[in-house]
Amino acid sequence: MLDIRMPLIDGLELAEHIRSLDTEVAIVFVTIMANMAVRGYDVDASGFVVKPVHYGAFESTVERALNRRRTQEATLIIKTTGGMARVNAEDITYVEVTGHRVVFHTTRGDYETWSSLRAEKARLPEESFVQCSAYALVNLKHVKSYSGSTVEVGDVTITLSRARK
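Below or above, wherever it landed, is the structure these notes cover. Keep in mind it's a predicted model, so treat the numbers as computed, not measured. (Residues numbered from 1 in each chain as written. Predicted model: local features only at pLDDT ≥ 70, side-chain atom pairs only at ≥ 80, totals over all residues. Heavy atoms only, no water.)

## Concerning helix α1 (residues 11-21)
Every buried residue belonging to α1 is among Gly11, Leu12, Ala15 and Arg19, and all of these are buried. Buried residues of α1, viewed axially, fall in a sector of 95°; they line one side. Seen from the open side of α1, the exposed residues pointing more than 90 degrees away from its buried face are Ser20 and Leu21. N-capping of α1 is provided by Asp10, with a side-chain oxygen placed 2.8 Å from the backbone N of Leu12. (Buried < 20%, exposed > 50% of the residue type's maximum accessible area, 1.4 Å probe, protein only. Helix = DSSP H or I, 4+ residues; strand = E, 2+ residues; numbered from the N terminus. Arc of directions from axis to C-beta. Polar contact = N/O pair within 3.5 Å; in protein donor to acceptor, adjacent residues only side chain to side chain.)

## Some details on the sheet that holds strand β13 (residues 156-159)
Read across the open sheet, the three strands follow the order β11-β12-β13; overall the sheet is antiparallel. Looking at strand neighbours, the two that pair on one side only are β11 (143-146) and β13, the edges of this open sheet. Ignoring which end each strand starts from, the neighbouring axes of this sheet average 25° apart. As judged from the three bridges shared by β11 and strand β12 (residues 150-153), these two strands associate in the antiparallel manner. Residue pairing across strands places Ser145 opposite Glu152, the latter belonging to β12. (Pairing = 2+ DSSP bridges. Axes fitted to C-alpha atoms, helices over the stretch in contact; angles between N-to-C directions.)

Listed below in structure tokens is the structure:
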């Protein structure tokens with residue numbers, strides 16, 4: 001949360017500096033100068049709270065900033081052979097492992113890394129991902145159908161282990 005007018009540096013200048021270091025952090029301006037709101041969107045501000053602060057406006061602005069943060073937390077950084085990839089957890093359809101080779105199958109393509117299924121499961125939102133065997137996790141949001149022994153995710157059919165049925 002930044003004020004537009006501060007003694008040592010202008011809040012908008014500080015926001016530009018923050019953005020140069022971190023493009024994801026939520027920035028909220030608290031100010032008496034409502035006419036500066038347009039400039040705030042140049043730095044992708046999450047919102048403005050105009051002084052004097054009214055609780056309702058403050059609450060909704062902070063809630064928007066928190067929702068932005070929750071969305072960011074559902075993002076994984078995957079170290080691949082070609083570098084790094086930022087993947088939104090919602091875009092992951094399923095994850096499979098062979099040895100220490102973990103493949104993230106996403107709506108935008110596949111990403112391969114060296115890890116373990118246990119380590120990658122810990123990084124994923126537990127309310128969305130279910131382990132269906134010792135070798136695969138599925139994103140429940142992408143499950144098309146379920147039968148007694150298989151789960152269909154997109155065009156792929158994954159066999160459920162007996163213990164995971």
